[in-house]
Amino acid sequence: MNQPSPLASWNGEVMPLSEVRVSVLDRAFLFGDAIYEALRVYEGRPFLLDEHMARLRRSLDQIRIETDVDHISRRILELLERQPVRDGLIYLQVTRGEAPRTHYFPANPTEPNELIYVSPLEDDPHAEHRKTGVGVVTFDDLRWKRCDIKSVNLLGNCLAAQAAREAGCAEAILVSADGTITEGSHTSLFGVRDGAVMTAPLARNILPGITRNLVVQLANRADIPIREEPLSRDRLPEVDELFLTGTTAEVLPVTRVDDRPVGSGQPGKVTCQIAAAYRGYVADWLAGDASPSS
Ligand code: PLP
């Protein structure tokens, strides 16, 4: 039997996702002129909702799409009421809207188009990977110079993710022309050396990952030294552990890079400590007593 189409909120109207129609003149279709977010649902509740809404607001401001995002959280909650999903993922996208095709913004401001939908994450593809660790490949960071904006222009990320898949790996880690490793194609990257955790500093060349931010706070709380400094490809052989973080990945140990083992070739001790802290944080939040900023 075919799965029923998930429900979507399309400019506030709830309908089956398969029935949403959008013009080919929407600027997201023509130019990738749109911003997106992806949020995790645990036990039917959107995780780190305020943090995702704050990043959405910032990304929209940066590319000058004018829309009030306050209603979006309400629409997410409404959609989850209409379509209860225990473990899942919320995807949302706001485009500059439909207009005759010109590179510059339309003279008459367009009405942004807004899509939200929720899908269940029943067979979490990473459940086993979190225990065993994953392999990654290195790949040129081909992306533009504003990777801090969560835009739907993801071709550089897609080419990298495809290279990883063809190599039988879970992710590609992106290497800039100067040899700096920025992040994964859809994850943030952390290294561990001599017990200290390192991750690229927040700048225009990486996305400010919501999970990255939580992991930095969890490491601080656990008194694990954390340094926001770039990792480089040349110094990869010196790291004892590597791990990825992201909304769907959560905390994912990396045990191989380009077929060379990382450290012992097993998920590392600090990585496992951080993964346990992440799970503990989610459990506390579900029980009603966790706050990311505390
Ligand atoms: N870096 C990139 C390029 C991403 O696309 C993502 C998520 O999509 C992340 C990092 C992880 O961000 P978050 O923890 O907010 O999911």
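Going by an unreviewed UniProt entry, the protein chain carries the name D-alanine aminotransferase and comes from Maioricimonas rarisocia. In UniProt, the protein chain has this text filed under Sequence similarities (unreviewed entry): "Belongs to the class-IV pyridoxal-phosphate-dependent aminotransferase family." For the protein chain, the Cofactor (unreviewed entry) comment in UniProt is given as "pyridoxal 5'-phosphate".

Student: How should I be thinking about unusual backbone geometry in this particular structure?
Tutor: Of note, the phi angle at glutamate 43 is positive, near 45 degrees, even though the residue is not glycine. Relative to the elements of secondary structure, glutamate 43 occurs in the loop between β3 (34–42) and β4 (45–46). Even without being a glycine, aspartate 223 presents a positive backbone phi close to 60 degrees. Note that aspartate 223 resides in the loop between α6 (210–221) and β12 (226–228).

Student: Sorry if this is basic, but what is going on with the nonpolar core here?
Tutor: Considering soluble globular proteins, one finds that nonpolar side chains tend to be buried as a cluster. Ranked by internal contacts, the top residues of the largest apolar core, which has 23 residues, are Phe47, Val197, Phe243, Ile274 and Tyr278. Among the secondary structure elements, those contributing two or more residues to this core are β10 (188–193), α6 and α7 (269–287). Per element, the largest residue contribution to this core is 7 residues, and it comes from α7. Inspection of this core shows a minimum of three residues originating in each of domain 1 (7–120) and domain 2 (129–287). Excluding residues within four positions of it along the chain, phenylalanine 243 makes contact with Ser188, Leu189, Phe190, Val192, Val197, Val215, Val251, Leu252, Pro253, Val254, Thr271 and Ile274. Membership of the second largest hydrophobic core comes to 22 residues, among which are Ile35, Val41, Ile65 and Leu92.

Student: Got a minute to help me understand the pattern of salt bridges in this structure?
Tutor: As a working rule, side chains carrying opposite charge can pair if their charged atoms are close by. The full count for this structure, using the stated rule, is 20 salt bridges. Of the charged contacts in the structure, one is a salt bridge between aspartate 148 and arginine 58, with a shortest N-O distance of 2.9 Å. Taken together, the positions of aspartate 148 in the loop between β7 (134–140) and α5 (155–166) and arginine 58 in helix α2 (residues 49–62) put the pair 90 residues apart, joining distant regions of the chain. Arginine 58 sits in the partly exposed class, given a relative accessible area of 35%. Ionic contacts of the salt-bridge type, sharing partners, join the residues Arg40, Asp124, Arg130 and Glu250 into one network.

Student: Looking at this model, I keep getting lost on the site of the ligand. Mind explaining?
Tutor: Around the ligand, a shell composed of 17 residues is seen, among which Arg55, Glu183, Ile210, Thr211 and Thr247 lie nearest. In this structure, glutamate 183 approaches the ligand through a side-chain N or O atom, which is 2.7 Å from a nitrogen atom. Contact with the protein chains covers 92% of the free accessible surface of the ligand, which is 390 Å². In a pocket analysis with a 2 Å cut-off to the grid points, the ligand is assigned to the largest pocket. Put simply, the parts of the chain that give the shell around the ligand at least two residues each are β9 (180–184) and α6.

Student: I would appreciate a short explanation of empty space enclosed by the protein in the present structure.
Tutor: A probe as big as a water molecule, rolled over the atoms, marks out the empty space that is left. Evaluated as defined, the whole model comprises 2 cavities of 30 Å³ or more. Here the largest cavity is characterised by a volume of approximately 60 Å³. Considering the residues around the largest cavity, the lining is formed by Arg40, Phe47, Leu48, His52, Ile210, Thr211, Thr247 and Tyr278. A per-class count over the lining of the largest cavity returns 4 nonpolar, 3 polar and 1 charged. Two domains each put at least three residues into the lining of the largest cavity: domain 1 (7–120) and domain 2 (129–287). Roughly 40 Å³ of volume is contained in the second largest cavity.

Calculation rules
Residues numbered from 1 in each chain as written. Predicted model: local features only at pLDDT ≥ 70, side-chain atom pairs only at ≥ 80, totals over all residues. Heavy atoms only, no water. UniProt positions renumbered as here; feature names shortened; annotations may be inferred. Helix = DSSP H or I, 4+ residues; strand = E, 2+ residues; numbered from the N terminus. Core = buried A, V, L, I, M, F, W, Y, C linked by side-chain atoms within 4.5 Å. Buried < 20%, exposed > 50% of the residue type's maximum accessible area, 1.4 Å probe, protein only. Domains from an automatic or database assignment. Contact = heavy atoms within 4.5 Å. Salt bridge = Lys/Arg side-chain N within 4 Å of Asp/Glu carboxyl O. Near = heavy atom within 4 Å. Polar contact = N/O pair within 3.5 Å; in protein donor to acceptor, adjacent residues only side chain to side chain. Areas by Shrake-Rupley, 256 points an atom, 1.4 Å probe, with all protein chains shown as cover. 1 Å grid on protein atoms, 1.4 Å probe; cavity = no way out; pocket = protein on both sides within 12 Å on 5 of 7 lines; lining within 4 Å. Sits in = over half its atoms within 2 Å of the grid points. Points joined across faces, edges and corners; volume = space filled by probe spheres on them. Nonpolar A, V, L, I, M, F, W, Y, C, P; charged D, E, K, R; others polar.

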